[in-house]
Amino acid sequence: MEQISDEELEAALVTLDALHALHAQREHARYLVEERGAHYLLSVKGNQKNLARQFKSLPWKQIPVLHRTSEHGHGREEIRAVQVASVNGLLFPHACQVVRIRRRRRSLAGKKSTGEIVYAVTDLPAEQASAGDIASWARDHWKIEKCVHWIRDVVFGEDARTIRTRNTPAVMASLGDIVRRTLRALGWVNTASARRAHTDPATVLQLHGIT
């Protein structure tokens, strides 16, 4: 985040996925609020057992659902129910609200359904971040994350790579990000089409008017 100017980050909300090390999460939260004047919305998953246990122990049965959405797409319905608890004294830097998002997906072709519960924490108080606001920010983060992971895994084939030497995987991932951003800057909306246009011999020849 050092590459982002103070003007851009000041008072901005930064959404973060769960990090493996709890101290890294705390340091990120402290850094954003204390050094950059920004805010955070940080998701917490099972790999953060102590923090997740603390979130789960909150009296959610007594907390009403403040925001609910239902969306249809790709042959399924997804329902999200959002609960928010204001916290004081939580062992996490500047935490003001803990969020519980219950997501349930149901196939429109049958009765099969799946569900999951996701927790998140933010330094923004209730008067600055409503349940609807938080739900929207979290949903936008997951959409971006899914899009980026799909491009990395499918378009650039990261999962299929067998390179495991030292920091080579991280270097290759960074190169892929540079290529993706370059293609976007050149006006390509679809990364998969852009990759084919620059790697498939027949497409490259056609692109340059050679048949």
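You'll find the structure just up there.
This is a predicted model, so every value here is computed, not measured.

1. Quick word on unusual backbone geometry
Phase 1 of the analysis: If you check the backbone angles, A11 has positive phi at about 65 degrees while not being a glycine.
Phase 2 of the analysis: Mapped onto the secondary structure, A11 falls in the loop between α1 (6-9) and β1 (13-16).
Phase 3 of the analysis: Residue A11 is classed as exposed on the basis of its relative accessible area of 53%.
Phase 4 of the analysis: Phi is positive for H94, close to 65 degrees, though the residue is something other than glycine.
Phase 5 of the analysis: On the secondary structure map, H94 appears in the loop between β4 (76-86) and β5 (97-107).

2. So, the sheet that holds strand β2 (residues 39-44)
Phase 1 of the analysis: In space, the six strands of this open sheet follow the order β1-β2-β6-β5-β4-β3, with mixed pairing throughout. Two strands lie at the open edges of the sheet, namely β1 and β3 (67-73), each paired on one side alone. Along the sheet, successive strands turn relative to each other by an average axial angle of 20 degrees, direction set aside.
Phase 2 of the analysis: As judged from the 11 bridges shared by β4 and β5, these two strands associate in the antiparallel manner. Looking across to β5, one finds that E77 is bridged to R106.
Phase 3 of the analysis: Running at roughly 100 degrees to strand β6 (residues 113-122), helix α3 (residues 49-56) makes contact with β2, β5 and β6 of the sheet.

What counts, and where the lines are drawn
- Residues take numbers from 1 onward in each chain, read along the sequence in its written order.
- Reporting of local features is limited, given that this is a predicted model, to residues whose pLDDT is at least 70; pairs of side-chain atoms are given and counted only at 80 or more, and all residues count toward the totals for whole chains, interfaces and linings.
- Just so you know, side-chain values use all the structure's heavy atoms and leave hydrogens and water out.
- The numbering of helices and of strands both runs from the N terminus, where a helix is a DSSP run of H or I of at least 4 residues and a strand a run of E of at least 2.
- Burial classes follow relative accessibility: with a 1.4 Å probe on protein chains only, a residue under 20% of its type's maximum area counts as buried, one over 50% as exposed, and anything between as partly exposed.
- Two strands pair under a simple rule: DSSP has to find at least two bridges between them.
- Axis definition: a line fitted to C-alpha atoms, limited for helices to the stretch in contact. Angles are taken between N-to-C directions and run from 0 to 180 degrees.
- Should any heavy atoms of two residues lie within 4.5 Å, those residues are counted as being in contact.

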